[in-house]
Every structure is written in C-alpha cells, then in structure tokens.
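One letter stands for each residue in the lines below.
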Amino acid sequence: MTGRESSRQVTDFVWRDSAVTAPFGSADIAMTDPAINALNGQFALHLQSKTRHLLVRDPLGVNKLFFAIGPGGQVDVSNYLIDHVRAGRSLHEVWSVPSGHALRFDTASRDYRLTRYTGLAFNEAAAPADDPYQCAAAIRSSLEATIRQIRPLAEGRSLYVTMSGGLDSTTVSVLTREIIGEFTGVTFTMADSNGQVIESEDLRYVRRLAKDINVRLKVVSRTAKQLLELLDPVLVYGQDWRDFNVHCGLVNAAIGFDLARDLGTQSRPLLLTGDCANELTADYTPVSYRGQTYYTLPDLPAGRLRRFLVTGLDTGDREIGIYAHFGCDVLEPYALCAPAFTQVPATLLEVPQAKQKLMERAVAGLVPAYILARPKVRAQSGSHDNSGGTLAAVADAGVGSQELSARFCELFQTDARALRGLIKAGMYRFSTQYPGN
Amino acid sequence: MTNATTPTAIAETVEAFIRRRFDIAESDPYFSRQSNLWDEGYVDSLGMTELIVFLESTFAIQVPDTVLFSPQFTSIDGIASLVEQVRDGKLVASA
C-alpha cells in the first residue's frame, strides 16, 4: 500500500430503497448525512476528490475501515489494519472510522469532521402486556425482505449458506431456500486426530435439515492441529485477539480455505450466515472449560447488554475479513435486519430462553420443530454429547487469552499497552480531531 | 442516582465504584485519581463497558462515544470532569 491509495479488499454491498446501488464516484463525496442514512448494507466507503476525503462505515460496522494520514498529507485507507503495519506504520498512527459514522477531512485545510449519520434505537421499555411479542412480526418481515434484497446478488454466483444446526443459521437456510432457491449448505465439524470427521449432534441435525430442505451439503473438517495452523491468518484478517472471535474465526478460516480451494479462480462465492443474531438478542453467556472461564462479558442484564454487544460489532472481523482473505463474499442477514431486533423490548431479552421464545414466534411455520426444540448449542464449545469444539481444540493446545494477545502483538509489531488502546468498550480507536493535531 | 455535583464528589463516587468492581485495594500505592486506568491495567475493555453503564445510571447521563478515546477518559479525575461537562450540556451524545 502506498500513499493516496485505497486498499479495500472487502466487497461493499450497498442498497438504497431496497435496490443495489451503482458504484460510488468522486462526485458522491458531497453526500450529506441524510443521504448516507438512506443507504443500507455492509460497506466501508472511501471517496476522494483532490485533497478532500469522505469515509463512511455501515450502521453496524460489519465492514471495517482503517486510515492513516502521513506527514505529507498522503492518505492510506484499508479494510485491514495489517495493511497499514505492512506499509511501515505503527498502530498508534492508524485510526478507525466508527460504525454508523461519516468522516470528512481535507488534507490541505486540515478540516476534520466526524459525524454519526445513523443510530440504532434500543428499546429499553417493558414489553406491552397485551401482546408482548408483537415485535416478532417485524423481525420475520425484515428477514424476508432482506433475503429478497440479496436475491439479485446471488444470480450467477456460487451461493452458500453456513449451517450449524442451530436456530439462527437454520432460519437463514430455510428463508434462502424459499426465496432464492438452490444453494449449498456448508458446515464445520472437528475431525479426530486421524482426520476422521466426528459425527457430532450438530452435524446430525445439519444433515437432517439439508435433506429436508433439499440442498447439497459440504462438510468442512479439521483436526485440532490443523485448525491451529490457521491461527495466524485468523488473528491478522480477523483483526482481533479476543477468544470468542478467534474461535469463531478459526471455523470460518477453515471453510473459507476449502471454498477457495474448491472454486479456484471462479468468481467469488457468496455466503450467507447466521452471525450477529446473538448480539442482537444478547444471547451470550460465558463458557467454562476445564476450570477456566472463556468468552467473558460485562456483568449486565441482557436488556442493557444488548446495546454494548451490538456496539461491539464495530470490532473484530471474524467473518467478513477472514472470508474476504480467502476470496469469499459474506452477507449477514441478521445484521441487515438490526433495526427490527433493536426494537425488541429489553424485558423480553431477560426471560429464560429469551431468543428461542422470540424467534419461535418470528419463524413460526418456517423452521422445523426439531430445530426449535433443540437446547441452545454454542458451536465453539461443542454439543452436549461432548464432541468438543474449537474452544476445546484451542484450549487443550495451551492457547489461551494471553497467548492470543501475545501472538497478535507479534504479528502487528506492537505491544500489550498499545493493544489496550486499540479497542475500548468494543470500539476500535478513532479520533475526533485531525490526527496529529 | 447520586446527588454528587462537584467534580470532587463525582470523582469520589467513581473511585468507590472502580475500587469495588475491579478489586483495587486501599493499600495499592500506585493507584490514584490520576492513574491511567487502561494503560496501568486497572480496567479493561469489558470493565469500561460496566463503567459506562455505572456512569449513565448513577449520574443520569448518556456517555457520548466520542469520549471513549479522549485523554480525559483515562483517569478518575478526567472522567469526573467529563461527567460534569455532559451534565452541563457541554458534551452531548450524538443521536
């Protein structure tokens, strides 16, 4: 990457009024915040006209956007932090554009303006007593509209949907089958030390679902040792060292690697995933394994936690960044439906089995009963038949939080102190004034 | 909610929360209201989230995202000053 150059390798998907927009040109640098707010999708834009720059990130920050301004006013922009490090910069010199924000600056005048063009409204009120789940209809409608929006993008491309056997990915799978048509389901499972696929409970459910909705299924597997060989690209392109995102990223790297190998130089495949549903419904809990606690969370009730989990999508690139590195485009339908989910009253998130109760109503008649009846399964920690998951594979190899952050520091040529300054409250470091001022 | 209004009173309230929540001993010789809470490892990213929730519920404010990486938002004294600015309407959360 050299100065005055954009190195954005992640595909932008932008809709305006439910239609895919044409690519943006330098004339669009005059876009106002209301005009930007009319856009939806997953995008990290960089528009330039002479010394003026406009950088915009999608409402949830699904696509990442990092920039640096050199002493001579040269501007480097990339989806990946590592591009800046490889260009010889330290992390202290690199800044993020926060999710839902537009950044306008001029390297000649040093004018610099960061504005929030959109904000999600989190419903912190109690659910209405007469019809507490009336929000479920809006979720169903939003999910269906989103898959319809995606349909034109899938034409002529290899379409995949990641399937885990859980509620979130099953909902996306079933809607995609109904609205778009054929696709290939792709799932990950651990292999034993001999390389034999472990027929986990998750995999049995995935096979059954694929058969029932009549889609092909591709099973990707790795032994624990093979999975750990993917750690460096996961840290680099997943842009995070925190355990949950790394463990998710390992699975995605294995899938991305295999798809890239299978498809060769054909056009970039398009994957749809069930990611972000857990953030939007605050459906996370820490996990205990061999006496250690993983995936720690702020100690907050789910109704309040949701805001921070969703804000926290600003950081970590466990799906988009990793898949893009392997040449795959990813769309996250739940992220595109965020406004419908943030309108769910906080009190509905604080009942036992909250997401199941909500989604049962949202996807009634759509998702098979045997999926709805499954107990919550955290893919990273394995099924309750104890077949293990990525957490076990990583933890048993002695790779814990300290090892992950230490390796991240090595790869990004930084230290633990700089790392603490890179992410705060789930957001990458950003500046409200011209860097260097 | 608290009635703390002066920066000193706000700082006392914030310090009490941080000491309690992050197990900081009264005898810790390195900890003060000027300590850099993040650089010196007293509060991590998750803890920052809990601190924000505490500030919002205790002082009836909304902490703007824009302060997260502000040099002021690193010490108890700086945080107390920011809380006062938000309460006085000098800093607002962008909608």
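Residues numbered from 1 in each chain as written. Chains lettered and ligands numbered in written order. Predicted model: local features only at pLDDT ≥ 70, side-chain atom pairs only at ≥ 80, totals over all residues. Heavy atoms only, no water.

1. So, the packing of aromatic side chains
Residues and elements named next belong to chain A.
- Evaluated as defined, the whole model comprises 20 aromatic pairs over all chains.
- Aromatic side chains Tyr-80 and Tyr-237 sit 5.1 Å apart centroid to centroid with 85° between the ring planes, which places their arrangement in the edge-to-face category. Of this pair, Tyr-80 sits in the loop between strand 8 (75-78) and helix 2 (81-86) while Tyr-237 sits in helix 7 (residues 231-238); the two residues are 157 residues apart in sequence, bridging distant segments of the chain.
- You can call Tyr-237 buried: its relative accessible area is 11%.
- An aromatic cluster of at least three residues, connected via ring pairs, comprises Phe-67, Phe-105, Tyr-112 and Tyr-434.
- The lysine or arginine in question, Arg-374, covers the ring of Tyr-205, its NZ or CZ lying 4.0 Å from the ring centre. (Phe/Tyr/Trp six-rings, centres within 6.5 Å; stacked < 30°, edge-to-face > 60°. Helix = DSSP H or I, 4+ residues; strand = E, 2+ residues; numbered from the N terminus. Buried < 20%, exposed > 50% of the residue type's maximum accessible area, 1.4 Å probe, protein only. Lys NZ or Arg CZ within 6 Å of the ring centre and 35° of its normal.)

2. Let's talk about the nonpolar core
- Phe-67 of chain A together with Ile-18, Leu-55 and Phe-73 of chain B are the most contacted members of the largest nonpolar core, which has 169 residues in total.
- Per element, the largest residue contribution to this core is ten residues, and it comes from helix 8 (residues 243-263) of chain A.
- Excluding residues that lie within four positions of it along the chain, Leu-55 of chain B makes contacts with Val-14, Ala-60, Ile-61, Val-63, Phe-73, Ile-79 and Val-83 of chain B.
- The next biggest cluster of nonpolar side chains, apart from the first, holds 13 residues, and it includes Val-14, Ile-36, Leu-54 and Val-56 of chain A. (Core = buried A, V, L, I, M, F, W, Y, C linked by side-chain atoms within 4.5 Å. Contact = heavy atoms within 4.5 Å.)

3. A look at the interface of chain A and chain B
- With 22 residues of chain A at the contact, the number on the chain B side is 20 residues.
- Summing both partners gives a buried area of about 2,000 Å² for chain A against chain B, and 61% of it is carried by carbon and sulfur.
- By the criterion of area lost to chain B, the three top residues of chain A are Arg-116, Lys-424 and Ala-425 of chain A, representing 29% of everything that side buries.
- Between the two partners, chain A and chain B, sit three salt bridges.
- A salt bridge links Asp-65 of chain B to Arg-116 of chain A; the shortest N-O distance between them is 2.3 Å.
- On the surface where chain A and chain B come into contact, there are seven residue pairs in polar contact (both at pLDDT 80 or more).
- Elements with a minimum of two residues in the side of chain A that touches chain B: helix 10 (302-311), helix 18 (416-422), strand 19 (423-424) and strand 20 (427-428) of chain A.
- The element that contributes the greatest number of residues to the side of chain A that touches chain B is helix 18 of chain A, accounting for four residues.
- Of the residues in the side of chain A that touches chain B, the class split is ten nonpolar, four polar and eight charged. (Buried area = accessible area lost by both parts, 1.4 Å probe. Salt bridge = Lys/Arg side-chain N within 4 Å of Asp/Glu carboxyl O. Polar contact = N/O pair within 3.5 Å; in protein donor to acceptor, adjacent residues only side chain to side chain. Nonpolar A, V, L, I, M, F, W, Y, C, P; charged D, E, K, R; others polar.)

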